[in-house]
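A look at the structure
The lines below spell out each chain.
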Amino acid sequence: MLSLLDVVSGLDVSTFTEEIYPKRQPVILRGVDIGQCVDKWRSVNYLTTQGGQMPVKIHVSATPQMDFIKKNFSYKSLPFSDFVQRASEDEHTEFFETKTENYYLRALGDDPRKDKADIHQQFPRLADDIKFPKFFPPEKLFSSVFRIASKGTQLWTHYDVMDNLLMQVVGRKRVILFSPAEVDKMYLNGDKSEVLDIDNPDPGKFPKFLKAHRHEGILEPGDILFIPALWFHNVIYKDYGVAVNVFWKHLDDSLYDHRDVYGNKDHVPYSRAQQILDRALKTLEELPEEYREFYGHRLISRIEKKVLQKDKPP
Ligand SMILES: O=C(O)CCC(=O)C(=O)O
Ligand SMILES: [Fe+2]
């Protein structure tokens, strides 16, 4: 099943916060002012000059479809300006592996283990070109992340734990989203789906994925995609692309993992529940297998009743 993402044009702050946001459905917002970046960043020369020579850690892959689980890419470092130059060209004179290799930047904080990405901190001479819409209270802002990649690059399907505005600045991008309700069809490994080729999934390996309902759209320069927390997303760069996304905390601060710098560590109550479940499963091991299976079913049915109640038909 497929539906097209809604495209909402020229909306104001109150329409977003009062009508769109509470529905917690992804939508493409068109015609919102995100600043001069849409004009200025079209120039590779401007972006490289203003962005400077700061080294950035990037993903480099000989194939456009990047696979985080099998790691078909390598991490390299380049000065920001050299990286943008290479990402914007189809063939490289200087390269790591092949002259047509793909590049992807997901900007990190100053100390990537401790700091979150902040475009004002890492790219002060570009940051003033982009305006973040006032769609959430400023104190809830978590990070602002540069995302730049070569034409053709496909980013694996994953979910993040915070609400997100993905601001497309240069180039077009195909986005496919799946609701959190489809979680059982996604073949997750951590926060990432094992289904890489989402347009041609192996039916023998991923039969349930074929039934997942996808929400599809094309982002044009200047568009903003609202990605609610836990919605799965997959992205293909139809052109060389430049985007910035902002993550913000929709829930109480205490529910987020404070060591998280990427916006993708599961919420604290889930991590705790997982530890408790590990202990419960260990405890069941005291019984022989057939008994364990019987009580396993009883536990599953309790979880189904308690947690999934509202999804069940009456
Ligand atoms: O556009 C991209 O490169 C990926 C976007 C993404 O995963 C995000 O904004 O969370
Ligand atoms: Fe994401």
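The residue count restarts for each chain, going from 1 along the sequence in the order it is written. To label them, take the chains in the order written and letter them from A, then take the ligands in the order written and number them from 1. Local features in this predicted model are restricted to residues of pLDDT 70 or higher, and side-chain atom pairs are both shown and tallied only at a pLDDT of 80 or more, whereas totals for entire chains, interfaces and linings draw on every residue. With hydrogens and water stripped out, all remaining heavy atoms of the structure feed into the side-chain values.

The name an unreviewed UniProt entry gives the protein is tRNA wybutosine-synthesizing protein 5, with Mizuhopecten yessoensis as the organism.

**Concerning the coordination of the iron ion (ligand 2)**
Going by this rule: As a rule, N, O and S atoms within 2.8 Å of a metal are its donors, except that Na, K and Ca use 3.2 Å; water is not among the atoms, so sites may look incomplete. Categorising residues by exposure relies on relative accessible area from a 1.4 Å probe, with only protein chains included: less than 20% of the type maximum marks a residue as buried, more than 50% marks it as exposed, and the intermediate range marks it as partly exposed.
For the iron ion (ligand 2), the full set of protein donor atoms is His158 (NE2), Asp160 (OD) and His233 (NE2), at a range of 2.1 to 2.2 Å. Donor residues for the iron ion (ligand 2) sit on one chain with the sequence pattern H-x1-D-x72-H. Classification of His158 by relative accessible area gives buried; the value is 8%.

**Here's the deal with the nonpolar core**
Put simply, the test is: We define a nonpolar core as any set of buried Ala, Val, Leu, Ile, Met, Phe, Trp, Tyr and Cys residues linked to one another through side-chain atoms lying within 4.5 Å. Contact between two residues is taken to exist if any of their heavy atoms lie within 4.5 Å; hydrogens are not considered.
With 44 residues, the main nonpolar core has Trp41, Phe83, Phe146 and Ile148 as its most contacted residues. Leave out the neighbours within four places in its chain, and Trp41 touches Tyr46, Leu47, Ile119, Leu126, Asp129, Ile130, Phe146, Val169, Val170, Val242 and Val244. Residues Ala149, Leu219, Leu225 and Val235 belong to the second largest nonpolar core, which totals 18 residues.

**Here's the deal with the packing of aromatic side chains**
Note the following rule: Only the six-membered ring of Trp is used, alongside the rings of Phe and Tyr, when aromatic pairs are assigned; centres must lie within 6.5 Å, and planes under 30 degrees apart are stacked while those over 60 apart are edge-to-face, with the rest tilted. Each helix is a run of DSSP H or I of at least 4 residues and each strand a run of E of at least 2, with the numbering of both proceeding from the N terminus.
As enumerated under the stated definition, the model contains 21 aromatic pairs in all. Taking the centre distance of 5.9 Å and the plane angle of 35° together, the rings of Tyr21 and Trp248 count as tilted. Note that Tyr21 is positioned in the loop between helix 1 (13-20) and strand 3 (27-30) and Trp248 in strand 16 (residues 241-248), a separation of 227 residues in sequence. Given the relative accessible area of 2%, Trp248 is considered buried. With a centroid separation of 5.1 Å and an interplanar angle of 75°, the aromatic rings of Phe294 and Tyr295 are classed as edge-to-face.

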